[in-house]
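Chain and residue survey
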Amino acid sequence: MVKYTLPEMPYSYDALEPHIDARTMEIHHTKHHQTYTTKLNAALENCPQDVQDTDILDILGNLESVPAEQRGAINFNGGGFDNHRLFWNSMSGSGGGEAGGAVADAIAAAFGGFSQFKEKFSATTAVIQGSGWGWLVYNPASKAVEYKSMPNQTSPRTEGLVPLLGCDVWEHAYYLKYQNRRPDYISSWWNVVNWDEVEGRLAAAS
Ligand code: MN3
């Protein structure tokens with residue numbers, strides 16, 4: 001079977017300072033993301049061969065293919081593995097600003113404009129109860145982008161949606177620097193969004 005390994009970070013842990021601090025990034029990557037990766041492999045070991053031989057992205061898109069006893073663990077840890085891989089790559093020390101090109105057009109069509117999108121994403125993600133993620137997703141059925149809140153580590157892929165940009169609002173993502181101030185973390189996070197990466201994901205999905 002495929003053994004997943006912790007993906008390398010595309011930049012150093014201090015690259016997103018001052019918006020996201022180096023200590024948070026290091027713990028988030030080496031402890032949290034590592035744990036999802038390890039537990040994904042452990043859950044796959046208890047799955048039949050055909051599931052083990054399927055890429056995790058395809059498994060997340062068809063969780064019914066996973067035996068019921070392993071489905072919760074695959075949903076959580078497989079989602080955690082993929083969500084964080086997407087998360088690191090959708091941030092950059094030279095990020096921020098507004099979306100351009102096709103992403104800007106898709107956002108304008110769905111939300112009315114970039115500022116309306118940013119406000120809806122921020123406000124809705126800030127009030128996610130407990131742990132979860134706010135996402136900009138592409139919906140292949142409607143051929144449009146949407147906002148979607150997801151609980152815990154459940155991937156938008158489990159609902160047939162393609163994740164384009166996610167904001168991790170688990171406390172482990174921000175508590176060292178922002179404590180209880182989740183809205184401040186989200187507000188700072190916009191300064192590190194890598195819109196080029198989001199554009200590549202939209203192009204691949206549409
Ligand atoms: Mn996290």
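Residues numbered from 1 in each chain as written. Predicted model: local features only at pLDDT ≥ 70, side-chain atom pairs only at ≥ 80, totals over all residues. Heavy atoms only, no water.

1. A word on the packing of aromatic side chains
Applying the stated criterion to the full structure yields 19 aromatic pairs. The interplanar angle of 15 degrees and the centroid separation of 5.2 Å between the aromatic rings of tryptophan 133 and tryptophan 135 together place this pair among those described as stacked. Like tryptophan 135, tryptophan 133 is buried. Through a chain of ring-to-ring contacts, three or more aromatic side chains come together here, namely Phe111, Phe114, Phe117, Phe121, Tyr147, Trp189, Trp190 and Trp195. Here lysine 177 stacks its cationic end above the ring of tyrosine 178, 5.7 Å away from the centre of that ring. (Phe/Tyr/Trp six-rings, centres within 6.5 Å; stacked < 30°, edge-to-face > 60°. Buried < 20%, exposed > 50% of the residue type's maximum accessible area, 1.4 Å probe, protein only. Lys NZ or Arg CZ within 6 Å of the ring centre and 35° of its normal.)

2. Things to note about the coordination of the manganese ion
Ligation of the manganese ion by protein atoms is provided by His28 (NE2), His84 (NE2), Asp168 (OD) and His172 (NE2), these donors lying 2.0 to 2.1 Å from the ion. The motif formed by the donor residues of the manganese ion, counted along the single chain, is H-x55-H-x83-D-x3-H. Placement of the pair is histidine 28 in helix α1 (residues 22–45) and histidine 172 in the loop between β3 (162–168) and α7 (175–178), with a sequence separation of 144 residues. Look at histidine 28 and you get buried, because its relative accessible area is 1%. (Donors = N, O, S within 2.8 Å, 3.2 Å for Na, K, Ca; no water. Helix = DSSP H or I, 4+ residues; strand = E, 2+ residues; numbered from the N terminus.)

3. Digging into the environment of leucine 44
Examined against the element boundaries, leucine 44 turns out to sit in helix α1. For the pair leucine 44 and glycine 78, spaced 34 residues apart in sequence, the C-alpha separation works out to 9.5 Å. Look past the residues within four positions of leucine 44 in its chain and what remains in contact with it is Met1, Tyr4, Val51, Gln52, Ile59 and Ile74. (Contact = heavy atoms within 4.5 Å.)

4. A few points about the side chain of histidine 33
Inspection of the secondary structure assignment puts histidine 33 in helix α1. Given a relative accessible area of 0%, histidine 33 falls into the buried group. Leave out the neighbours within four places in its chain, and histidine 33 touches Leu6, Pro7, His28, Gly80, Phe81, His84, Arg85 and Trp88.

5. With respect to the side chain of histidine 172
Assessed through its relative accessible area of 18%, histidine 172 is described here as buried. Separated by 3.3 Å, the side chains of histidine 172 and histidine 32 make a polar contact. Side-chain polar atoms of histidine 172 contact the side chain of aspartate 168, separated by 3.5 Å. For histidine 172, the contacting residues outside a window of four places in its chain are Thr24, His28, His32, Tyr36 and His84. (Polar contact = N/O pair within 3.5 Å; in protein donor to acceptor, adjacent residues only side chain to side chain.)

6. As for the sheet that holds strand β1 (residues 132–139)
Pairing between the strands of a sheet comes from backbone hydrogen bonds, and it takes one of two forms, parallel or antiparallel. Taking strand neighbours across the sheet as the criterion, the three strands line up as β2-β1-β3 in an open arrangement whose pairing is antiparallel. Edge positions in the open sheet fall to β2 (144–151) and β3, since each of these has one partner strand only. With strand direction ignored, the average angle separating the axes of adjacent strands in the sheet is 25 degrees. Set on the sheet, helix α9 (residues 195–205) makes contact with β1, β2 and β3; between it and β3 the angle comes to about 150 degrees. (Pairing = 2+ DSSP bridges. Axes fitted to C-alpha atoms, helices over the stretch in contact; angles between N-to-C directions.)

7. Thoughts on the pattern of salt bridges
For the coordinates displayed, the defined rule picks out seven salt bridges. Salt-bridge contacts for arginine 23 lead to glutamate 26; the nearest nitrogen and oxygen are separated by 3.9 Å. In this pair, arginine 23 and glutamate 26 are both assigned in helix α1, three residues apart and thus about one turn of the helix distant. Classification of glutamate 26 by relative accessible area gives partly exposed; the value is 33%. Across the salt bridge formed by aspartate 184 and arginine 181, the nearest N and O atoms sit 3.2 Å from each other. Judged by its relative accessible area of 38%, aspartate 184 is partly exposed. Classification of arginine 181 as partly exposed rests on a relative accessible area of 34%. (Salt bridge = Lys/Arg side-chain N within 4 Å of Asp/Glu carboxyl O.)

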